[in-house]
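Remarks on the overall topology
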Amino acid sequence: QQTLLDVQVNNLNLDFTNDVRRAVPDIITQFYQAQGTNSAVKIAVQEQDLRQHDIELFQYTLIPIITLVLMMSGVINSGLSTAREWELQTVKELLYAPIARSAIIIGKILAGFVSTLLLGAVLLLLGNLLGWLQPQGIYWLNALAAIALIALMGAGLGVAMGATLQRLQPVISLGLNVVLYLFFLAGGIGVLAFAQNWLQIIAAFIPLSYGRHALEMSLFYSSSDLFGRDALILGGSALITLLLGVLAMRRKFAS
């Protein structure tokens, strides 16, 4: 004997629709399981979670937002600080000062890096106090290391933009667009594993994807899973942006 279940789905969007479609067979399974030995269909459910903790959706979206804020802070702060020197012509005073040009470049990078690192530390502490982020023991250091590498990458990229464009407005426009594109190509606030194949392929080449993964493992799951890989890619990306920033500054100093 068959029983027809009439289910009306308000398919407002695919995510909502799939939630309903998954819920219907789950409810049927739970119903027969609750009947025990009296059930006409013998069902036993054994769940094995891959993670130790269940993370709320709003918590899960915090990590991508933190990476976006960090990258935005590094690029914009460093870019504006560097571009302002040319727009206001104060770069001439710096070049006449009795200091090495390398000191000027390092100072610009460090200014953006330190301010972004402090911002990341504040966000980390605030999230922990509110109970949204849960790093334990050594994973505090893993999270701070990931934040530091993201901050360094953003600072190097910002200095390169500021020295190349030499104007505040273009730096703001380009910086915002570059960071936002990197953010969404890295998966945005969604779950990258559920995204289209082409986006997953592109995300594999976006450094923010690895910063996001490192922070998720450290802050939510107390895990060092693939942390070495994440740190290596973030460190290499930071080194590349730093080289771009140094070369851009030296080229403009020479001209």
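Let us look at the structure shown here. (Residues numbered from 1 in each chain as written. Predicted model: local features only at pLDDT ≥ 70, side-chain atom pairs only at ≥ 80, totals over all residues. Heavy atoms only, no water.)

Overview of the overall build of the chain
Put simply, the test is: Numbering of helices and strands starts at the N terminus; helices are DSSP runs of H or I of at least 4 residues and strands are runs of E of at least 2. We compute the radius of gyration over the C-alpha atoms and compare it with the globule rule, which gives 2.2 Å times the number of residues raised to the power 0.38. For every residue, the accessible area obtained with a 1.4 Å probe (protein chains only) is divided by the maximum for its type, and the residue is called buried under 20%, exposed over 50%, and partly exposed between those limits. In this description, contact between two residues means that some pair of their heavy atoms is separated by no more than 4.5 Å. Method for areas: the Shrake-Rupley scheme with a 1.4 Å probe, in which residue coverage is limited to the protein chains shown.
Of the regular secondary structure elements, the chain holds ten helices and zero strands. Tracing the chain from N to C terminus, the helices and strands come up as α-α-α-α-α-α-α-α-α-α. By the compact-globule yardstick of 18 Å for 255 residues, the chain is too spread out, its C-alpha radius of gyration being 24 Å. Classification of the 255 residues of the chain by burial places 38% in the buried group. Taking all contacts inside the chain whose residues are at least 6 apart in sequence as the whole, residues at least 24 apart take part in 73%. Within the structure as shown, the chain displays about 15,100 Å² of accessible surface, and the carbon and sulfur contribution to it stands at 63%.

Some words on the side chain of Thr82
Locating Thr82 in the fold gives a position in helix H3 (residues 62–87). Residue Thr82 is classed as buried on the basis of its relative accessible area of 1%. If we skip the residues at most four places from it in the chain, Thr82 touches Lys108, Val159, Gly162, Ala163 and Met249.

Considering a negative patch on the surface
Defined as follows: Surface patches are defined over residues having more than 30% relative accessible area and no salt bridge, joining like charges when they lie within 9 Å and nonpolar side chains (Val, Leu, Ile, Met, Phe, Trp, Tyr) when within 5 Å. Whenever Lys or Arg places a side-chain nitrogen within 4 Å of a carboxyl oxygen from Asp or Glu, that contact is recorded as a salt bridge. The convention is simple: Lys and Arg are positive, Asp and Glu are negative, and His and the chain ends are not counted. To locate a charge, the coordinates of NZ of Lys, CZ of Arg, CG of Asp or CD of Glu are taken.
A contiguous patch of negative charge on the surface is contributed by Glu47, Asp49, Asp54 and Glu56. Structurally, Asp54 can be placed in the loop between helix H1 (14–34) and helix H2 (57–60).

Section: helix H5 (residues 101–129)
The test is simple: By definition here, a helix of n residues has an expected span of 1.5 Å times n minus one.
Counted at 1.5 Å a residue, the expected span for H5 with its 29 residues is 42 Å, and the 42 Å between its end C-alpha atoms agrees. Turning to H5, its buried residues number three or more, namely Ile104, Ile105, Lys108, Ile109, Gly112, Phe113, Thr116, Gly120, Leu124 and Gly127. Those residues of H5 hidden inside the fold are in contact with H3, helix H4 (91–96), helix H6 (139–165), helix H9 (207–220) and helix H10 (227–254). Of the residues trailing H5, Gly131 is marked for its positive phi of about 80 degrees.

Quick word on the packing of aromatic side chains
Centre-to-centre distance and the angle between the planes together describe a pair of aromatic rings. Rules: Each aromatic pair joins two rings of Phe, Tyr and Trp (for Trp, the six-membered one) with centres within 6.5 Å, and gets the label stacked for planes under 30 degrees apart, edge-to-face for over 60, and tilted for any other angle.
Within this structure, the stated rule accounts for five aromatic pairs. Plain terms: the ring middles of Phe58 and Trp132 are 5.6 Å apart, the flat faces sit at 85 degrees to each other, and that makes the pair edge-to-face. Highlighted residues: Phe58 in helix H2 and Trp132 in the loop between H5 and H6, separated in sequence by 74 residues. A centroid spacing of 5.9 Å and a plane angle of 25 degrees characterise the contact between Trp86 and Phe253, whose relative ring orientation is stacked. In this pair, Trp86 is assigned in helix H3 and Phe253 in helix H10, connecting sequence segments 167 residues apart. Classification of Phe253 by relative accessible area gives buried; the value is 7%.

Remarks on the nonpolar core
What tends to happen in soluble globular proteins is that the nonpolar side chains get buried as a cluster. The condition is simple: As used in this record, nonpolar core signifies buried Ala, Val, Leu, Ile, Met, Phe, Trp, Tyr and Cys residues forming a set joined through side-chain atoms within 4.5 Å.
Within the largest apolar cluster, 35 residues are counted, with the highest numbers of intra-cluster contacts made by Met71, Leu133, Ile150, Leu208, Leu215 and Leu219. Where this core is concerned, the elements lending two or more residues are H3, H6, helix H7 (168–185), H9 and H10. Residue contributions to this core peak at eleven residues, all from H3. Among residues more than four places away in sequence, those in contact with Leu133 are Leu62, Ile63, Ile66, Leu123, Leu124, Gly127, Asn128, Leu219 and Phe220. Counting 15 residues, the second-largest nonpolar core is a separate cluster that includes Trp86, Phe113, Ala151 and Met249.

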